[in-house]
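Working through the structure, step by step
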Amino acid sequence: MAHSVAIRGSFFHLVDNPWTLGSEEAAAARLISDGLMLIDNGIITALAPYDTLCDKLSDYRLEHIKDKLIVPGFIDGHIHFPQVRVMGAYGSQLLDWLQNSIFPEELKYRDRNYAQTAATHFFEALLGAGTTTCQAFTTSSPVSTEVFFEEARSRGMRVIAGLTGIDKFAPEEYCISPEDFYIQSKQLIEQYHQRDRCLYAITPRFAVGCSEAMMEACRRLKEEFPDCWINTHISENPSEIRQAKQEFPDCSDYTAVHEKHGLLGPKFTAGHGVWLSNDEFGRFSKAGAAVCFCPLSNLFLGSGLFRLGKAMDPDQPVRVCLGTDVGAGNAFSMIRVMEEAYKVGLCNNTTLDGSINPREQDLEESNRNKLSAYRAFYLATLGGAKALYLDDTIGNFEVGKEADFVALDLKAGQHALAWHQELTCDQGMPTTVQQAAELLFGLLACGDDRNVAETWVFGKRVYQCEARA
């Protein structure tokens, strides 16, 4: 039997990249203050003002979401499934933190029961934060990848993940040989890629942890399964970059490691990119590769400030998504990620050669670093979808896309937030795009997952805040 539902409410989404519109960035957004969305079998078949579609309601079950702003589901481009329990673990910086806190926890995911318990916590936390799609790391154990995909399938979520390739710079019992990685990855691809809403990412964890043979195994997999994604880390920390140079002395920089092995290109995402050079940004742009900006973890581990303004250079634009990077990221909330990204943008004064020097900063890049509500919510929705090459299926409310969305309570959370929001809109809900943007900025500055009233995946409600149920 067909599953048809109609959602009445106030809808806000982005239809264009606000960075490309200059002072007219509001033109990238759309608001329907009293709209009706028709959903058939998880797909959006219509969205328009309520009065123009209400004559079709006899064929649909109506859900009226009152006094909430409905936005596309958030897209988390970089998160670690097996780090949910050690989120916020103390660590000096990246490499010590991995050895002392992360690898010991990830080893536990060889146990299917442990991994299943973790998966329940992980996906409930995602949905409670309004995240409907994620690109995730699992572990070097196939069990963790199987559990991840099965849990995502049971919830109908659009996800990207894959077995972790790592054969050095980790405990011996955590490492996987290149040949085992190749064989087991191939089995997992055949089992899960393009099954329901699951997509597979060939996953070299990071160059420091991958031998030449491991990178070649990734190349073989990409050649055999060219429609798979690539998910990795790059240039997160200066000591990591130095280590990568020692491991691959024939490569001029970190990006060259991936170029050498035929991985840099469309559907390639590297987390962090804090210390990418201007030349590397240019090569990412030319290749159609993406960087995932993870401000929570970059600040938590003291890695540095990502140059979003450089990535958004109109002459060499790079695809960018946002990521929580749980567990170095200390929250599942993409609202918190947007808040920290805003702060990083204000603090990140850079010169043309990438060195930090506020007195000689590149003003154009500095201005592109700054996040308005339009820019922030673009990165968390449509921009994230474009970075992951998923904008044909998710990211906004265009007809034909999958119906993943979040109902935001613009006044929940901090005690005084509701009073603050009344400065913008004392009548309740926004009636203009500008009002919506001002309210959303107030939310990203002061809000968190408490502002998520409902989360819908593929046209079905999968989370409802108990306080407002």
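Overview of the structure.

Applying the stated criterion across every chain yields a total of 31 salt bridges. With its nearest N and O atoms 2.6 Å apart, the salt bridge here joins Glu-402 to Arg-197. Of this pair, Glu-402 sits in the loop between helix 15 (382–387) and strand 14 (405–408) while Arg-197 is found in the loop between helix 5 (178–192) and strand 9 (198–204), placing the two residues 205 residues apart along the sequence. There is no split in this pair, since Glu-402 and Arg-197 are both buried. For the salt bridge of Glu-365 with Arg-307, the shortest nitrogen-to-oxygen distance reads 3.0 Å. Here Glu-365 is found in helix 13 (residues 363–369), whereas its partner Arg-307 is found in the loop between helix 10 (295–300) and helix 11 (308–311), with 58 residues between them in sequence. With respect to class, Glu-365 is no different from Arg-307; both count as buried.

With that settled, the discussion passes to the packing of helix 3 (residues 112–128) against helix 4 (residues 142–155). The contact between helix 3 and helix 4 brings their axes to 9 Å, and the two run at 40°. Our classification of the angle between helix 3 and helix 4 gives oblique. Between helix 3 and helix 4 lies a crossing whose hand is right-handed. Residues Arg-112, Ala-115, Gln-116, Ala-119, Thr-120, Phe-122, Phe-123, Glu-124 and Leu-127 of helix 3 lie in contact with helix 4, whose contacting residues are Val-143, Glu-146, Val-147, Phe-148, Glu-151, Ala-152 and Arg-155. Across the contact of helix 3 with helix 4, the residue classes break down as 9 nonpolar, 2 polar and 5 charged.

On to the nonpolar core, then. Within the largest apolar cluster, 121 residues are counted, with the highest numbers of intra-cluster contacts made by Phe-12, Phe-122, Phe-148, Phe-284 and Leu-408. With 15 residues, the next largest nonpolar core counts Ile-7, Phe-11, Leu-47 and Ala-407 among its residues.

Of the strand pairs in this sheet, strand 1 (residues 4–14) and strand 2 (residues 29–40) are connected by 10 bridges, and their pairing is antiparallel. Each residue of the ladder has a partner; that of Phe-12, found in strand 2, is Leu-31. Pairing analysis gives 6 bridges linking strand 2 to strand 3 (residues 43–49), with the strands arranged antiparallel. Bridged to Gly-35 within strand 3 is Pro-49. Taking the residues that link successive antiparallel strands as the turn, the strand 2-strand 3 hairpin has 2 residues, and the phi of Asn-41 there is positive, at about 50°.

Here the focus is the sheet that holds strand 3. The 7 strands are arranged 3-2-1-4-14-15-16 in an open sheet whose pairing can be described as mixed. Two strands bound the open sheet, and with one partner strand each, they are strand 3 and strand 16 (460–464). Each strand of the sheet is rotated relative to its neighbour by a mean of 35°, with strand direction disregarded. Here helix 3 sits on the sheet in contact with strand 15 (452–457) and strand 16, set at roughly 115° to strand 15.

What follows deals with the side chain of Arg-8. If you trace the backbone, Arg-8 turns up in strand 1. At 3.0 Å, the side chain of Arg-8 forms a polar contact with the side chain of Asp-34. Leave out the neighbours within four places in its chain, and Arg-8 touches Asp-34, Gly-35, Leu-36, Tyr-50, Leu-62, Glu-63, His-64 and Ile-65.

Following Val-326, the chain continues to Gly-327 via a peptide bond in cis, the omega torsion being 10°. Looking at the secondary structure, you find Gly-327 in the loop between strand 13 (319–322) and helix 12 (334–347). Backbone geometry at Asp-67 places phi at a positive 60°, although glycine is not the residue there. By the secondary structure assignment, Asp-67 is in strand 4 (residues 61–72). Despite not being glycine, Gln-194 has its phi angle at roughly 65°, a positive value. According to the relative accessible area criterion, Gln-194 is partly exposed, its value standing at 46%.

Conventions adopted
- Residues numbered from 1 in each chain as written.
- Predicted model: local features only at pLDDT ≥ 70, side-chain atom pairs only at ≥ 80, totals over all residues.
- Heavy atoms only, no water.
- Salt bridge = Lys/Arg side-chain N within 4 Å of Asp/Glu carboxyl O.
- Helix = DSSP H or I, 4+ residues; strand = E, 2+ residues; numbered from the N terminus.
- Buried < 20%, exposed > 50% of the residue type's maximum accessible area, 1.4 Å probe, protein only.
- Axes fitted to C-alpha atoms, helices over the stretch in contact; angles between N-to-C directions.
- Parallel < 35°, antiparallel > 145°, perpendicular 65-115°, else oblique.
- Left-handed = near helix turned anticlockwise from the far one by under 90°.
- Contact = heavy atoms within 4.5 Å.
- Nonpolar A, V, L, I, M, F, W, Y, C, P; charged D, E, K, R; others polar.
- Core = buried A, V, L, I, M, F, W, Y, C linked by side-chain atoms within 4.5 Å.
- Pairing = 2+ DSSP bridges.
- Polar contact = N/O pair within 3.5 Å; in protein donor to acceptor, adjacent residues only side chain to side chain.

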